[in-house]
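Residues per chain, in single letters:
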Amino acid sequence: MACTDTVGTPYEITLELHRDGTPYGSVGERCGWLLARLARGVDEARQGRGAARRWNDPDDRFPDEEPESELFSFRYRTRSGLVGGGELRCQLRTIPIWQPAPGQWRLTRRAYVEAWGATGVGMRAVLTSAELSEFVRELVHEAEGCLGGRDLARNPIAGAGTGETR
């Protein structure tokens, strides 16, 4: 869903979560830029850039160096700051898997994407980095469609974020 300014121009997004076609929650106000940055980061990690290269399998490569970390956490917040109405988060976990043939443990990393609705009912998906990349890219693509094709990774206002004034 597009966030609009005072004259109705869309500039960012809020995620509307649905479960089996039924509204589930509303989270992540103005989260499009963060999702676009995460999509780039997952793709770069899969290519072996930075600390991710220490993982042999590209499916184990994620942008965060910490073995147990959070890639994002979006919650619904009211104007008064109260939390409720849904949550979408992604945590990285390192999972040891016993390999009987060589007789040793193999470490894998997976992204646990969890969604919680306003009623407290939750869902979870365990994703490889390839699956997370596809999921986040699809969110970004849908968001850019809500914004009339604008690229979320770019800020269209010259000088924005640089401290320059007009």
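Keep in mind that what you see is a predicted model, and the values were worked out from it rather than measured.

**Description of the overall build of the protein chain**
Link 1 in the chain: From N to C terminus, the protein chain includes two helices and eight strands.
Link 2 in the chain: For the protein chain, the N- to C-terminal ordering of α and β elements is β-β-β-β-α-β-β-β-β-α.
Link 3 in the chain: Split into buried and exposed, the 166 residues of the protein chain put 34% on the buried side.

**Details of the pairing of strand S8 (residues 122–127)**
Link 1 in the chain: Both strand S7 (residues 104–116) and S8 contribute to a ladder of six bridges, which runs antiparallel. Paired with Trp116 across the strands is Gly122, a residue of S8.
Link 2 in the chain: Where S7 folds back onto S8 in an antiparallel hairpin, the turn is made up of five residues, including Gly120, whose phi is positive at roughly 95°.

**What to know about the confidence of the model for the protein chain**
A low pLDDT means the predicted coordinates there should not be read in detail.
Link 1 in the chain: When pLDDT is averaged along the protein chain, the result is 83; 84% of the residues meet or exceed 70.
Link 2 in the chain: Confidence over residues 155–166 falls short of pLDDT 50; this stretch has four contacts with residues more than four positions distant or in other chains.

**Observations concerning the nonpolar core**
Link 1 in the chain: Within the largest apolar cluster, 28 residues are counted, with the highest numbers of intra-cluster contacts made by Leu15, Leu35, Leu71, Phe74, Leu88 and Leu132.
Link 2 in the chain: Within the residue set of this core, elements represented by two or more residues are strand S3 (15–19), strand S4 (22–27), helix H1 (32–46), strand S5 (70–77), strand S6 (83–99), S7 and helix H2 (129–146).
Link 3 in the chain: In this view, Leu132 contacts Val42, Phe62, Leu71, Cys90, Ala111, Val113 and Leu127; residues no more than four positions away in its chain are not counted.

**Digging into the pattern of salt bridges**
Link 1 in the chain: Considering all chains together, one arrives at nine salt bridges under this definition.
Link 2 in the chain: Notably, a salt bridge pairs Arg137 with Asp43, separated by 2.4 Å at the nearest N-O pair. Taken together, the positions of Arg137 in helix H2 and Asp43 in helix H1 put the pair 94 residues apart, joining distant regions of the chain.
Link 3 in the chain: Take Arg137: its relative accessible area is 36%, and that puts it in the partly exposed class.

**Some thoughts on unusual backbone geometry**
Link 1 in the chain: Positive phi, normally seen in glycine, also occurs at Asp20, with a value near 55°.
Link 2 in the chain: The residue Asp20 is located in the loop between S3 and S4 in this model.

**What about the pairing of S3?**
Link 1 in the chain: As paired elements, S3 and S4 share five bridges and run antiparallel to each other. Bridge assignment links Leu15 to a residue of S4, and that residue is Val27.
Link 2 in the chain: Between S3 and S4, which follow one another and run antiparallel, lie two residues, and Asp20 among them has a positive phi close to 55°.

**Comments concerning the side chain of Glu114**
Link 1 in the chain: Mapping Glu114 onto the fold places it in strand S7.
Link 2 in the chain: Discounting chain neighbours no more than four positions away, the residues touching Glu114 are Glu87, Leu88, Arg89, Gln91, Arg93, Met123 and Arg124.

**Observations regarding the packing of aromatic side chains**
Link 1 in the chain: Applying the stated criterion across every chain yields a total of two aromatic pairs.
Link 2 in the chain: Ring centres 4.9 Å apart and planes at 15° place the aromatic pair Phe72 and Phe74 in the stacked group. Pair check on accessibility: Phe72 and Phe74 agree, each one buried.
Link 3 in the chain: Taken together, a centroid distance of 5.2 Å and an interplanar angle of 70° make the contact between Trp98 and Trp105 edge-to-face.
Link 4 in the chain: Residue class for Trp98 comes out partly exposed when judged on its relative accessible area of 43%.
Link 5 in the chain: Taking relative accessible area as the criterion, Trp105 reaches 56% and is therefore assigned exposed.

Cut-offs and rules
- Residues numbered from 1 in each chain as written.
- Predicted model: local features only at pLDDT ≥ 70, side-chain atom pairs only at ≥ 80, totals over all residues.
- Heavy atoms only, no water.
- Helix = DSSP H or I, 4+ residues; strand = E, 2+ residues; numbered from the N terminus.
- Buried < 20%, exposed > 50% of the residue type's maximum accessible area, 1.4 Å probe, protein only.
- Pairing = 2+ DSSP bridges.
- pLDDT = per-residue confidence, 0-100.
- Contact = heavy atoms within 4.5 Å.
- Core = buried A, V, L, I, M, F, W, Y, C linked by side-chain atoms within 4.5 Å.
- Salt bridge = Lys/Arg side-chain N within 4 Å of Asp/Glu carboxyl O.
- Phe/Tyr/Trp six-rings, centres within 6.5 Å; stacked < 30°, edge-to-face > 60°.

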